[in-house]
Amino acid sequence: MQMSGKRIVRLLLSTLIMSNMFVSCSRNASPDETQESVSRSDASYDEAFFSKYDPPVRLTMAREIGDGLKGLIDDLPGETLEDNRWSRLYEDVLGIELTYDWTARSEQYYKKLDIILASGRLPDMVRVNAQQLRQLSNAGLIQELTDAYKRYASPFTKEILTQEGLGALESGTINGKLMGIPETSASIEKALFLWIRTDWLEELQLAPPKTMQDVLMISKAFTENDPDRNGIKDTYGMAATQYLFDPVMGLGGLMAGYGAYPSIWLKDEGGKLVYGGIQPEVKKGLEVLQGMYRDGQLDSEFAIKSGGKVKQQIAEGKIGMMFGEQWGSFVAQLSRGEEPGSEWQAYPIVSATEQPVYVPLKFNTNQFYAVRRDYAHPEAVIKLFNLYLEKNWGKTAEYEVYYNTSSPVWGLSPVTPFPAQKNLEAYRQIKEAYESGREALLQDEARFIQKKMDLYAAGMEDSESGWGWEKIYGATGAMSVLDGYERNNQLLFDAFVGAPTEAMIEKQTILDNLRHDVYINIILGNPLEEFDRFVEEWTVLGGAQITAEVNQWYEERGQDLQ
């Protein structure tokens, strides 16, 4: 049965909200199964890492309430923010009673948090960004967690938090002391792909790109050769938003094609760290983008358009290519509401030469759990981490109860770390099961994803819900490209993974705004020489100081992380 265009769009908008940047997957469990599993408290836990407080201890915190969390709670009768399967599990197993001093909607949370932090009236545990962590540490308002982590973090927790090296722990370390437990977020998940409308390629009899020259040729054809055959020049070769380096519809993948990496720190030939945003390769990337803009391959109003507005253009079938992360499939899928026959595929980003391109991975751990200076049980937050990881991926895991039921219930927990390579490993399970014919190899997440892809392949009423998953995990999906990136050593990790330096706290925002304005203006037509003046200005306004501090960190601690 065909789904209507409006119904497809509603489905996809719901998917985009609930996927939470594609960290989660969902599986079905019956109400009876859920209730039985939630009430279980007889599992065997290692006393050293899951020891129960008796009497129970109270742990206060603050909580951000985004649309995804609010919708999740609304869809789960009998569960609230304060009383749910995770809060009950933490109390039953660990003897930790969670309470919230205050909650706030996403748009107000950080404003209120800044006020609370400035006043010094902290809850027992607070989730902060890297800059706030250093500010709290400098003010002496939080306590060191080095010993608590060594003593109470389970081996599994330590394994997960160091899957991409010691960078995550280092980012929470200030002056040699672990001041915040990192909520790890995988850098590998930030890998970029080139998403292309393959039905347009076929219509114009074009081959997939092998070099940046091919990308530019395809962009020109998508703009000028009427790929939608409506007789109107109303299409654009490449998506772009006002933020330039959005994770989907941004231009970081194009920059990488010219050896430019504006968002990460790099190691130069002399072994020093340098900021990618001021390197000469960026100038070439800006020159190319300036030409694309001049030729109408970028929307003339991209510099004032949000991601939401560009998504709408994709939904209307006006854009044929975009750079973006794996979850870009769900953005691409919006086009199928108006044009059910539209097809997209993820391709590797390519270079301006025949050589493979390096894929930039910005360091992605930027949230930490800090503990109030005089709270008596600093190890409590580590125990929460232990149990969260154990119940989702450990030996006593109940995936369909605590991670995904018919909703992404992992989001009810106040701490949500996850294995860095879980999505790539799910793809590899699916690939192995397909090649061997042994579907029994599929574990929780991989089994759910395969069911989604099977639904799409069957062509039933709700098969469209599996299209985006197929484009990520299928034989030619984004994960197959990521698998190739990793096997070919094409992943370029951010060289700076430390806590923000003192100069970063004071000057990074100013420098980022300066970079953004200069890049945008050059793309819109200002002389390329403005880039050279920008480099000089960036250096004088704080860039030189930041670079010196970054290299001091690298000499003292960073080299040990290589």
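Residues numbered from 1 in each chain as written. Predicted model: local features only at pLDDT ≥ 70, side-chain atom pairs only at ≥ 80, totals over all residues. Heavy atoms only, no water.

Brief notes about the overall build of the protein chain
Convention followed: Strands here are runs of E lasting at least two residues and helices are runs of H or I lasting at least four, both read from the DSSP assignment and numbered beginning at the N terminus. The size measure is the radius of gyration over C-alpha atoms, and the globule rule it meets is 2.2 Å times the number of residues to the 0.38 power. Buried, partly exposed and exposed residues are distinguished by accessible area as a fraction of the type maximum, computed with a 1.4 Å probe on protein chains only: under 20%, between the cut-offs, and over 50%, respectively. Between two residues, a contact is recorded if the distance between any of their heavy atoms is within 4.5 Å. Using a 1.4 Å probe, accessible areas were evaluated by the Shrake-Rupley method; residue-level cover was limited to the displayed protein chains.
The helix and strand inventory of the protein chain stands at 25 helices and 15 strands. Relative to the globule expectation of 24 Å for 562 residues, the C-alpha radius of gyration of the protein chain, 24 Å, shows essentially globular dimensions. For the protein chain, buried positions account for 56% of its 562 residues. Taking the contacts inside the protein chain whose residues are at least 6 apart along the sequence as the reference set, 75% of them involve residues at least 24 apart. Within the structure as shown, the protein chain displays about 24200 Å² of accessible surface, and the carbon and sulfur contribution to it stands at 48%.

Notes on the confidence of the model for the protein chain
Rules: Predictor confidence is given residue by residue as pLDDT, running from a minimum of 0 to a maximum of 100.
On average, the protein chain scores 90 in pLDDT, and the residues at 70 or more come to 92%. Across residues 1–42, where pLDDT falls below 50, the model places 88 contacts with residues more than four positions away in sequence or in other chains.

Things to note about the packing of helix H20 (residues 422–436) against helix H21 (residues 444–458)
Heads up, the condition is: In this analysis, axes come from line fits to C-alpha atoms, helices being fitted only over the stretch in contact, and the angle between any two N-to-C directions falls in the range 0 to 180 degrees. Take the far helix as your reference; a near helix turned counterclockwise from it by less than a right angle gives a left-handed crossing, and one turned clockwise gives a right-handed crossing. In the scheme used here, Gly and all other residues not listed as nonpolar or charged are polar, with Ala, Val, Leu, Ile, Met, Phe, Trp, Tyr, Cys and Pro taken as nonpolar and Asp, Glu, Lys and Arg as charged.
As a packed pair, H20 and H21 sit with axes 9 Å apart at the nearest point and diverge in direction by 65 degrees. Remark: the crossing between H20 and H21 carries right-handed chirality. Contacts between H20 and H21 involve Lys422, Asn423, Ala426, Gln429 and Ile430 from the first element and Glu445, Ala446, Ile449, Gln450 and Met453 from the second. Residue composition of the contact of H20 with H21, by class: 5 nonpolar, 3 polar and 2 charged.

Digging into helix H24 (residues 502–523)
For an α-helix the count is 3.6 residues per turn, leaving residues at separations of three or four pointing the same way. As a reminder, the rule being used: Helix span, expected: 1.5 Å multiplied by one less than the number of residues in the helix. Each residue is assigned a bend, namely the angle between axes fitted to the seven residues that terminate at it and the seven residues that start at it.
When the terminal C-alpha atoms of H24 are compared, their 32 Å separation across 22 residues agrees well with the 32 Å that a helix rising 1.5 Å per residue should span. The largest bend in H24 is about 50 degrees, located at Gln508. What H24 keeps buried is the set Ala503, Met504, Ile505, Lys507, Leu511, Leu514, Arg515, Val518, Tyr519, Ile520, Ile522 and Ile523. For H24, the elements touching its buried residues are helix H7 (130–138), strand E9 (265–267), strand E10 (273–275), helix H14 (280–294) and helix H25 (529–556).

Things to note about the pattern of salt bridges
Here is the rule: In what follows, salt bridge is the name for a side-chain nitrogen of Lys or Arg lying within 4 Å of a carboxyl oxygen of Asp or Glu.
For the structure shown, the criterion picks out 30 salt bridges. Asp532 is paired through a salt bridge with Lys283; the nearest N and O atoms lie 2.9 Å apart. On the criterion of sequence distance, the pair formed by Asp532 in helix H25 and Lys283 in helix H14 is long-range, its members being 249 residues apart. Its relative accessible area of 24% is what places Lys283 among the partly exposed residues. Where Lys471 meets Glu343, a salt bridge forms, and the shortest distance between an N and an O atom there is 3.1 Å.

Focus on unusual backbone geometry
At the junction of Asp54 and Pro55, the peptide bond is cis and its omega measures out at 5 degrees in the coordinates. Of note, Pro55 is situated in the loop between helix H3 (47–50) and strand E1 (57–65). Notably, Asn175 is not glycine yet its phi reads approximately 55 degrees, a positive angle. One can find Asn175 in the loop between strand E4 (173–174) and strand E5 (177–178).

Quick look at helix H12 (residues 212–224)
For H12, spanning 13 residues, the distance from its first C-alpha to its last is 18 Å, which sits close to the expected 18 Å at 1.5 Å a residue. Every buried residue of H12 is listed here: Met212, Val215, Ile218, Ser219, Ala221, Phe222 and Thr223. Each element contacted by the buried residues of H12 is listed here: strand E7 (193–197), helix H11 (198–203), helix H13 (252–256), H14 and strand E11 (321–324). With its phi angle positive at about 50 degrees, Asp226 sits one or two positions after the end of H12.

Brief notes about the nonpolar core
Nonpolar side chains tend to gather and get buried jointly when the protein is soluble and globular. How we decide: Take the buried Ala, Val, Leu, Ile, Met, Phe, Trp, Tyr and Cys residues and link them wherever side-chain atoms come within 4.5 Å; each set so joined is a nonpolar core.
Among the nonpolar cores identified, the biggest contains 104 residues, and Met322 and Tyr473 are the most heavily contacted of them. Listed in part, the 51 residues of the second largest apolar core include Leu59, Leu94, Phe385 and Val415.

A word on the sheet that holds E11
Within a beta sheet, neighbouring strands are joined by backbone hydrogen bonds and run either parallel or antiparallel to one another. To keep it simple, the criterion reads: Here, a strand pair is defined by DSSP locating no fewer than two bridges between the strands.
Spatial strand order, E8-E11-E7-E12: 4 strands in an open sheet with antiparallel pairing. Edge positions in the sheet fall to strand E8 (248–250) and strand E12 (344–347), since each has one partner strand and no second. In this sheet, adjacent strand axes meet at a mean angle of 45 degrees when their direction is disregarded. With 2 bridges connecting them, E8 and E11 associate as antiparallel partners. Pairing of Gly250 across the sheet is with Phe323, part of E11. The sheet contacts of H12 involve E7 and E11, and relative to E11 the element is tilted by about 135 degrees.

Overview of the environment of Glu445
Here is the rule we go by: Definition of a polar contact: a pair of N or O atoms within 3.5 Å, with one able to donate and the other able to accept a hydrogen when the atoms are protein atoms, and with sequence-neighbouring residues admitted only if both atoms are side-chain atoms.
In this fold, Glu445 is placed in helix H21. Polar side-chain contacts of Glu445 include one of 2.7 Å to the side chain of Lys422.

Points about the environment of Arg121
The topology assignment puts Arg121 in the loop between helix H6 (106–119) and strand E3 (125–129). It is 23 Å that separates the C-alpha atoms of Arg121 and Pro56, two residues lying 65 residues apart in sequence.

Concerning the packing of aromatic side chains
Selection criterion: By convention, a stacked pair of Phe, Tyr or Trp rings (six-membered ring in the case of Trp) has centres within 6.5 Å and planes under 30 degrees apart, an edge-to-face pair has planes over 60 apart, and any other such pair is tilted.
Summed over all chains, the structure comprises 24 aromatic pairs. With 5.5 Å between their ring centres and 35 degrees between their planes, Trp86 and Tyr90 make a pair best called tilted. Note that Trp86 and Tyr90 are positioned in helix H5 (residues 85–94) at a spacing of 4 residues, about one turn of the helix. With relative accessibility at 0%, the residue Trp86 sits in the buried group. Judged by its relative accessible area of 0%, Tyr90 falls in the buried class. Measuring from ring centre to ring centre gives 5.6 Å for Phe330 and Trp469, while their planes differ by 75 degrees; the resulting arrangement is edge-to-face. Within this pair, whereas Phe330 is found in helix H16 (residues 328–332), its partner Trp469 is found in helix H22 (residues 467–473), the two being separated by 139 residues in sequence. Residue Phe330 is classed as buried on the basis of its relative accessible area, which comes to 2%. Overall, Trp469 belongs to the buried group, its relative accessible area being 7%.

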